[in-house]
Amino acid sequence: MLRLAARRLLGLVPTLFVIVTLSFFVIRLAPGGPFDDEQTLPPEIKANLEAAYGLDQPVATQYLRYLQSLSHGDFGPSFKFKDFSVTELIGQGLPLSLTLGLAAVLLALALGVPLGAFAALRQNGALDYSVMAFAVLGVALPGFVIGPLLALVFGLHLRWLPVAGWSPGEWRYLVLPALTLALPVIAYIARLTRGSLLEVLRSNFVRTARAKGLPERIVLWRHAIRPALLPVVSYLGPASAFVMTGSLVVETVFGLPGSGRYLVQGAINRDYTLVMGMIIVYGSLMLVLNLIADLLYGWLDPRVRYE
Amino acid sequence: MKESLLEIDHLSVRYPAPGGDIAAVNDFSLNLVAGECVGIVGESGAGKSQALLAAMGLLPRHARVAGSIRYGGAPFTRELRGRRVAMIFQDPMTSLTPHLRVGAQIAESLTHHLRLSGAAARARALELLRQVQVTDAERRLDQYPHELSGGMRQRVMIAIALACNPEVLIADEPTTALDVTVQAQILALLAGLKRERGMAVVIVTHDLGVVAGVADRVLVMYGGRLVESGAVADLLTTPRHPYSRALLRSMPRIDDPLDGPLHTIAGQPPSPARLPTGCAFHPRCERASDVCRSRFPALAAGRTDVACHHPVEDA
């Protein structure tokens, strides 16, 4: 299992290389450059700036230079946040964004799976209908609607949690953002779990387990739950992508100093190195999370284990 | 008179549906005594499997089951399943839990019902695999179901069923999904095990050859009802119900002329959602009369017990 994981991890390198190459050229296809909107800039100074950052070179040369510095683990300097390297900028916000994202995914699993399972076990009961109604709402409402609503109720009216903002080490500031981010994922996971558990409970091997005279509790936990979780695990990859992009909005709504804003700002500013840095970091995260989902899948279902 | 084990009385199974209930089983009774082998035959949808699944309490929750199911004089309970009454199914490919090792799936009945320790259960599981003639049994214990062939999986199912030395084994079309040579092996295995252990066996099949080979008594079902029952020797040589007779005639015989036609029963078996009135067989029956269309005939005792207004009498 460990050797398999290591080999699969190594296999991510070419994928990452493709991501780097594609995004490098795509960004440069976008009109404008990092120093275009500073209207007062005399042409000579602009030319000097571009020479200093190597932007006067042919794109191919720029690409090779970028790869070279990347191979030393250097994302280069930011074009817009003068005196900051991209590594410093991302390093400031990433721990908070990661904590938020991880909290949201864990929350989604911890609430979505039990909700879906209870709904399946009480199929067509009141609990089932409430869970499914909640699931439809959760999937339909976007984060920028849910976030302010939650802040209104729990922050302003009930005064249980801070409305927005951040103070290092204070988990209370993370509760509402994580919940906002997790809500649609909770809803989707609940639906997935319910549907697949209902199907598994009708399957022949569950009938065999019941024919053995085992109590329903053992039938559920030993025989039914693992196959029922397969679709949920498949969804973890897309779910983490959703959480990552969703965190851009949620960090803005709740005023959290995460790294999400650098992606948007960097893209608007044509801050090439910053955007590339964010793409590489988020891209690697996505790849690793998908790999984890794959390995989990193999644990749940021996038929898909590779040799 | 031998002791009664499984007593099924006036069992009916219905499924509520928008356009009127679907009647899967109607007024089915069976009294199984120790050590005997009963074959249940009939076409698809005749209610054979439904009746037995209902007796085991294995039908989905929305099924409406009425009638009495008793075991050894007391009501049938979950704890009897796997312990006294075991069941094997039609489709061995999907009847084993995919993520659990074969050994663990056999052992769990033993730890649950007989309170065996892990090691003792494993040793017994190995012994069981050998009894059902699984090759390389020791290695199989730690394999997953998908690593075994269909025939092997059905043997594992049988090993699971036999784990707690049940008094009754219900085999629901145990060979339907297997290829012909494997079918013969599995049937020989079942017949041998029955003889050694003196288990009562109920075998559901649509293969009359199987019944002739292993059963003492045959029940014929049609449209969810029992239409004829009797000793194998009587029923398979001179059946009294026109349906049983037609079913038998549809079996090609080795002494039939090679270029002669295959006998078939005209029409289709009825859908349980729209059973014909009266005797469900009347639209396909050459002896049908008005009374057949309006009233279901009661099961009447005779050389064989038959539910027919116009049974075929001995010629």
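Residues numbered from 1 in each chain as written. Chains lettered and ligands numbered in written order. Predicted model: local features only at pLDDT ≥ 70, side-chain atom pairs only at ≥ 80, totals over all residues. Heavy atoms only, no water.

Concerning the nonpolar core
Residues and elements named next belong to chain B.
Then comes step 1: Residues Phe28, Ile40, Ile106, Leu129, Ile158 and Ile170 are the most contacted members of the largest nonpolar core, which totals 98 residues.
Then comes step 2: Take this core: its biggest share by element is 8 residues, from helix 5 (residues 150-162).
Then comes step 3: Not counting chain neighbours up to four residues away, the residues in contact with Ile158 comprise Ile88, Val132, Ile186, Leu189, Leu190 and Leu193. (Core = buried A, V, L, I, M, F, W, Y, C linked by side-chain atoms within 4.5 Å. Buried < 20%, exposed > 50% of the residue type's maximum accessible area, 1.4 Å probe, protein only. Helix = DSSP H or I, 4+ residues; strand = E, 2+ residues; numbered from the N terminus. Contact = heavy atoms within 4.5 Å.)

Re the interface of chain B and chain A
Then comes step 1: Listed per partner, the contact involves 26 residues of chain B and 21 residues of chain A.
Then comes step 2: Summed over both partners, the interface of chain B with chain A buries about 2100 Å², with 56% contributed by carbon and sulfur atoms.
Then comes step 3: If you sort the residues of chain B by the area they bury against chain A, Pro98, His99 and Glu108 of chain B come out on top, with a joint share of 28%.
Then comes step 4: Joining chain B to chain A, the criterion identifies 2 salt bridges. (Buried area = accessible area lost by both parts, 1.4 Å probe. Salt bridge = Lys/Arg side-chain N within 4 Å of Asp/Glu carboxyl O.)

Describing the layout of surface pockets
Then comes step 1: Each pocket or cavity is described by its volume, and for the largest pocket that value is around 780 Å³.
Then comes step 2: In this structure, the largest pocket is lined by 25 residues; those nearest its centre are Leu201, Arg202 and Arg210 of chain A together with Pro60 and Arg61 of chain B.
Then comes step 3: Every element with two or more residues in the lining of the largest pocket is listed here: helix 5 (86-121), helix 8 (172-201), helix 9 (204-211) and helix 10 (216-253) of chain A together with helix 1 (48-56) of chain B.
Then comes step 4: Residue classes in the lining of the largest pocket are distributed as 10 nonpolar, 7 polar and 8 charged. (1 Å grid on protein atoms, 1.4 Å probe; cavity = no way out; pocket = protein on both sides within 12 Å on 5 of 7 lines; lining within 4 Å. Points joined across faces, edges and corners; volume = space filled by probe spheres on them. Nonpolar A, V, L, I, M, F, W, Y, C, P; charged D, E, K, R; others polar.)

Thoughts on the confidence of the model for chain A
Then comes step 1: Here chain A shows a mean pLDDT of 88. Residues at 70 or above account for 98%.
Then comes step 2: Mean pLDDT across the elements of chain A bottoms out in helix 1 (residues 2-10) of chain A (82) and peaks in helix 9 of chain A (96). (pLDDT = per-residue confidence, 0-100.)

Focus on the state of the cysteines
Residues and elements named next belong to chain B.
Then comes step 1: As enumerated under the stated definition, the model contains 0 disulfides over all chains in all.
Then comes step 2: Of all cysteine sulfurs in the structure, the one in Cys279 sits closest to Cys292, which takes part in no disulfide; the separation is 6.1 Å.
Then comes step 3: Residue classification places Cys292 among the buried positions, given a relative accessible area of 7%. (Disulfide = S-S within 2.5 Å.)

Thoughts on unusual backbone geometry
Then comes step 1: At Arg159 of chain A, a position not held by glycine, the phi torsion is positive, near 55°.
Then comes step 2: Here Arg159 of chain A is to be found in the loop between helix 7 (143-157) and helix 8.
Then comes step 3: Judged by relative accessible area, which is 66%, Arg159 of chain A ranks as exposed.
Then comes step 4: A positive phi angle, close to 50°, is found at Asp27 of chain B, a residue other than glycine.
Then comes step 5: When its relative accessible area of 40% is taken as the criterion, Asp27 of chain B is described as partly exposed.

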